[in-house]
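Commentary on secondary and tertiary structure
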Amino acid sequence: MAGSPLAQARVLAQMALRSLASHKVKSLIVGSIMVFGTALVVVGTSLLDSVEAGMERSIVKSLSGHLQLYDAEAKDDLALFGGATMGGDDYGEVPDFGEVQRVVQAQDGVEAVVPMGLGIANMSRGSELDRALDALRRAVEAGDAATREAMIHRVQRLLELTRADLTNSRAITADTTDLDANLAHVERAQQAAFWAPFRGDDLDAKRAALDFLDTQVAPAGGDGVQYYLRYLGTDLPLFARVFDRFRIVEGEPVPEGRRGLLINKRFADSQLKLKVARLLDDLHDAVTLNDARIADDAALTAKARQARSLYGSLTLMLAPEDAAALEAALRAEFPDVAPTDGQSPLDALVQAALTVDDDTLKARYAFFYAQIAPRVALYPFRVGDVLTLRAFTKRGYMKSVNVKVYGTFEFAGLERSELSGAANLVDLMTFRDLYGQMTEAQQAELKAIQAEVGLERVDRADAEDAFFGGDGDSVEKTADGSVFGDFDVARIEREAGTRVADDRPFTREQMVDGVVLNAAVVLKDGVDLDDAQARIQAAVDAAGLRLKVVDWRAASGVIGQFVMVIRGVLLLAIGIIFIVALVIINNSMLMATLERVREIGTLRAIGAQRRFVMAMVMLETLVLGLLSGTVGAGLGAALVSWMGSVGIPAKNDILVFLFSGPRLHPAVGASNLLVALVVILVVSLISTWYPARIATRVQPVEAMREA
Amino acid sequence: MSAPIAADPIVELVGVSKDYPLGKLTVQALRGVDLRIERGAFIAIAGPSGSGKTTLLNLVGCVDVPTAGAVRIEGQSTSELSEKQLTTLRLHKLGFIFQSFNLVGVLDVFQNVELPLLLQGGLTGAERKRRVAEMVDKVGLTPQTRQRPNELSGGQRQRVAIARALVTRPAIVMADEPTANLDSTTGGAIIELMKDINREDHTTFIFSTHDANVMSHARRLVELVDGRIAADHPVAEAD
Ligand SMILES: Nc1ncnc2c1ncn2[C@@H]1O[C@H](COP(=O)(O)OP(=O)(O)OP(=O)(O)O)[C@@H](O)[C@H]1O
Ligand SMILES: [Mg+2]
């Protein structure tokens, strides 16, 4: 068909523009929706891309690597950062990591293959009363009178508090039988006569009094604190090398071939740290980082109140000479503070130091860390300590392992993220001990049994029964398999002084050739993830290893799906906005078409084909879409680059993790703009399709009808 | 192709009927019309309201086809053409002048006149512009070239419509009551303009009217009554 396409297009474009200009209100409404929609797409997808990139940095470079391999028959999906069930997951096992490493390391683009095994162990710390009694017993046994007197004083103080606690509980308890019994024991221990034997020479009388305190009084003084410690067993030197976010904060790395524990600083700060210090940290973070005000925030006010009430937990921990020094320092700071009933002067001063509001927080926080913190134990461990980790093996036996704390670590940029505290690190041998891996001697014995019985394969778990079932030394069998049942906290605490770390060195071969639960694959820069995943899966399949290979998103647990969920929500929001836009554009174009029946009929009468009419109507929305889309994309890009230069603060720890740092600096990619423009143009076309069809049906005789 | 005979009609209607369905009834707008129109004619269709004038022009203008009989434009029966072909025919052979002018409101005078040429294509930009300018000049609107229809008077608008109808140099120009929306002086001037063009270019003009003054300008007058031709006679030159 003849025609001057270019000149036609030009006049059509002009008609479209002018028609838009002459229907200002309609154009403005439809245009605004389009501008908003495009800007939303640009901002939304840019932010999401940035978050995903941030998340990838957080996850890949801290724990997961790019890919994870684990048992193809695992019952649960790997969740490195925690899944729905914390700790109870069954990831199956990888019986021989060495072979996996050889197969995968041979693939192109593989930087490192890091062995891993997740587990949960229990770590406990007795109550203050337990510890005071422990110290008293040692002083008595050693005949150290000065310490003995100091400890007697402390125990008596603690008994006062215990009694007050019990009395309070009694007032709100229905059945007071147990409480009354405990109260009677405590009151007996508070009588002066009870302490008389300690000043005499009769050691047995002292021991009897101590036993009474241990067995009858201490249980009334509250349970010790138990900590659950999620640990990742790995090749620690390799881990430190390939996960470049890993950084030692305090102490030193665990040397090659040694057993050791590295405690996650974030975990220590949020779970292990002294309660009053944690409260002050929270308040300080909220005020300095999130510009919150204590007075305006009920939760912060409650924390401030709680911090103030915890002075006793601090004064009780102080050694006598520290108490004196601190009292002097506090007196200089708070000259006018006087104790209330039942308070010692030191109590009153510490309480004053812990009394914070929006005006005093910064100064008192600094004072706390300068004067009080150095004199008390902020954490239940110190670098160099030997901790007892207890865990259930796969078959439900409890095993305990003594391991030395070499230091604390953090993931750079994620210091404030709770999720980065997901796991502590131990060497692979300690992991295997807690997991229930057999020693070489045990394995040799198993082989002998197999030979004898003539079995092809004895299930490793059955073998574990055979070996560990009757072995009371290192394994405690629990009848019901309940998690960390009631064990004697006081006893464990007393053992602490005599704990000896398992410090047998191991060779690289011993470490590599053994069971792990999963393995991280770190790829070299620029290697295509999907391609590598497919190649590695093919390689392990070919080698007959029954493993599945998943990417970091799938391996990280719930958090990995987070971006997908947000993307879904964003898509839904964009979808809804565009459906609304579709309906509005459709309606207004339909109305415009009906208003223009005579004009369209005229065009048809003077020789315009249907195609021309179609193009005319479509072009009108397309031009509007293009203009609005450009404006919207420009606005969106401007908004994103503004956010990029200012940075979006990560207001909570999940955001720190998602942003891979304290602030997200989003950037607009060409793809974000392109996607937005394409989307808006497609929406324009779809929404105008029906009105345009109607327009093409207008008959040329319509031109003849009189208005 | 046979040699042109002087009497060869440019438009020929043979036994043309047009029925419109109207609910359960059928309106017989035209009932067996036979009409031959020679090239270069200047012919008025008259008749009372509802007599079928517009229907007749629509059939000749190829915006509609007859229910029975045949309408032939330069020998080609319109009933045998597809919608697309009819459109092409209108574009190349016919020009339209409407009672309400029917200009494209968002385009200026020049662009309105240019539109049919753009639809036709085939001309260079310069040639097209020259033709449009010439046509605009012919209807006396050069000073208004860049104005939009709503800035023009009724007579000026109808001049634009005439220019638009004639810019493609059509064989036949259809005009359904071209002066009905104009005062008598302006209407007279419009008919004079059409008549001048008819004399100069031998373009065939077929127009309908109620106005006796306008009829007097025609060289031939066809009177319709109730869908039938009641009279068909030449008109003496008025001036
Ligand atoms: N689309 C249509 N549907 C139904 N009936 C129609 C249609 N168009 C015209 N008619 C009828 O056909 C007859 C002829 O109408 P037409 O418009 O041709 O008359 P006209 O001579 O042009 O009248 P007027 O002088 O009022 O313009 C009238 O009775 C009219 O009502
Ligand atoms: Mg009519």
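For the structure, check the block above.
Not measured: the values here are computed from a predicted model. (Residues numbered from 1 in each chain as written. Chains lettered and ligands numbered in written order. Predicted model: local features only at pLDDT ≥ 70, side-chain atom pairs only at ≥ 80, totals over all residues. Heavy atoms only, no water.)

**Concerning the overall build of chain A**
Of the regular secondary structure elements, chain A holds 28 helices and 13 strands. Of the contacts made within chain A by residues no fewer than 6 positions apart, 78% connect residues no fewer than 24 positions apart. Just so you have it, chain A exposes about 32000 Å², and 57% of that area is on carbon and sulfur atoms. (Helix = DSSP H or I, 4+ residues; strand = E, 2+ residues; numbered from the N terminus. Contact = heavy atoms within 4.5 Å. Areas by Shrake-Rupley, 256 points an atom, 1.4 Å probe, with all protein chains shown as cover.)

**As for the site of ligand 1**
Residue and element names in this part refer to chain B. Close contacts around ligand 1 come from 14 residues, with Ser 49, Gly 50, Lys 53, Thr 54 and Thr 55 the closest. Ser 51 is positioned with one of its backbone polar atoms (N or O) 3.3 Å from an oxygen atom of ligand 1. Glu 177 is positioned with one of its side-chain polar atoms (N or O) 3.5 Å from an oxygen atom of ligand 1. Surface burial for ligand 1 is 67%, taken as the share of its 630 Å² of free accessible area covered by protein chains. Broken down by secondary-structure element, the contributors of at least two residues to the shell around ligand 1 are β2 (25-38) and α1 (53-60). Top contributing element to the shell around ligand 1 by residue count: α1, with three residues. (Near = heavy atom within 4 Å. Polar contact = N/O pair within 3.5 Å; in protein donor to acceptor, adjacent residues only side chain to side chain.)

**Considering the pattern of salt bridges**
Residue and element names in this part refer to chain A. In the structure shown here, the tally under the stated rule is 41 salt bridges over all chains. Of the charged contacts in the structure, one is a salt bridge between Arg 553 and Glu 52, with a shortest N-O distance of 2.8 Å. In this pair, Arg 553 is assigned in helix α23 (residues 552-555) and Glu 52 in helix α2 (residues 24-64), connecting sequence segments 501 residues apart. Given the relative accessible area of 25%, Arg 553 is considered partly exposed. One salt bridge in this structure joins Arg 293 and Asp 296, with 3.3 Å as the shortest N-O distance. In this structure Arg 293 comes out as partly exposed when scored by relative accessible area, which is 45%. Each of Asp 49, Glu 52, Asp 551, Arg 553 and Arg 567 takes part in one network of salt bridges that share partners. (Salt bridge = Lys/Arg side-chain N within 4 Å of Asp/Glu carboxyl O. Buried < 20%, exposed > 50% of the residue type's maximum accessible area, 1.4 Å probe, protein only.)

**A few points about the pairing of strand β9 (residues 220-225) of chain B**
Residue and element names in this part refer to chain B. With four bridges connecting them, strand β3 (residues 42-46) and β9 associate as parallel partners. Of the residues in β9, the one forming a bridge with Ala 44 is Leu 221. Bridge analysis of β9 against strand β10 (residues 228-234) gives six bridges, and the strand direction is antiparallel. The residue bridging Val 222 from the neighbouring strand is Asp 232, located in β10. (Pairing = 2+ DSSP bridges.)

**Looking at empty space enclosed by the protein**
Using the criterion set out here, one finds four cavities of 30 Å³ or more in the structure. Empty space within the largest cavity amounts to approximately 70 Å³. Together, Ile 606 of chain A together with Arg 90, Leu 91, Leu 94, Gly 95, Phe 96, Pro 116, Arg 164, Ala 165 and Thr 168 of chain B line the largest cavity. At the level of secondary structure, the elements contributing two or more residues to the lining of the largest cavity comprise α2 (83-93), β6 (94-97) and α5 (154-166) of chain B. (1 Å grid on protein atoms, 1.4 Å probe; cavity = no way out; pocket = protein on both sides within 12 Å on 5 of 7 lines; lining within 4 Å. Points joined across faces, edges and corners; volume = space filled by probe spheres on them.)

**Focus: the packing of aromatic side chains**
Residues and elements named next belong to chain A. Applying the stated criterion across every chain yields a total of 15 aromatic pairs over all chains. Members of the aromatic cluster, joined through ring pairs, are Phe 239, Phe 243, Phe 246, Phe 409 and Phe 411. The positively charged end of Arg 188 is found above the aromatic ring belonging to Phe 212, 4.2 Å away from the centroid. Positioned above the aromatic ring of Tyr 406, the side-chain terminus of Lys 404 is 4.6 Å from the ring centre. (Phe/Tyr/Trp six-rings, centres within 6.5 Å; stacked < 30°, edge-to-face > 60°. Lys NZ or Arg CZ within 6 Å of the ring centre and 35° of its normal.)

**What to know about the interface of chain B and chain A**
Many structure descriptions define interface size as the accessible area lost when the parts assemble. Listed by partner, the interface residues are 30 residues for chain B and 30 residues for chain A. Here chain B packs against chain A, burying approximately 2800 Å² in sum over the two surfaces, 56% of which is carbon and sulfur. Among the residues chain B hides against chain A, the three largest losses belong to Val 106, Leu 118 and Leu 119 of chain B. Together they make up 21% of the total. Put simply, chain B and chain A have two salt bridges between them. The salt bridge partner of Glu 83 of chain B is Arg 604 of chain A, with a shortest N-O separation of 2.8 Å. At the boundary of chain B with chain A, the tally comes to 13 residue pairs in polar contact (both at pLDDT 80 or more). Breaking the side of chain B that touches chain A down by element, the ones donating at least two residues are α2, α3 (109-120) and α4 (125-138) of chain B. Tallied by class, residues from the side of chain B that touches chain A come to eleven nonpolar, ten polar and nine charged. (Buried area = accessible area lost by both parts, 1.4 Å probe. Nonpolar A, V, L, I, M, F, W, Y, C, P; charged D, E, K, R; others polar.)

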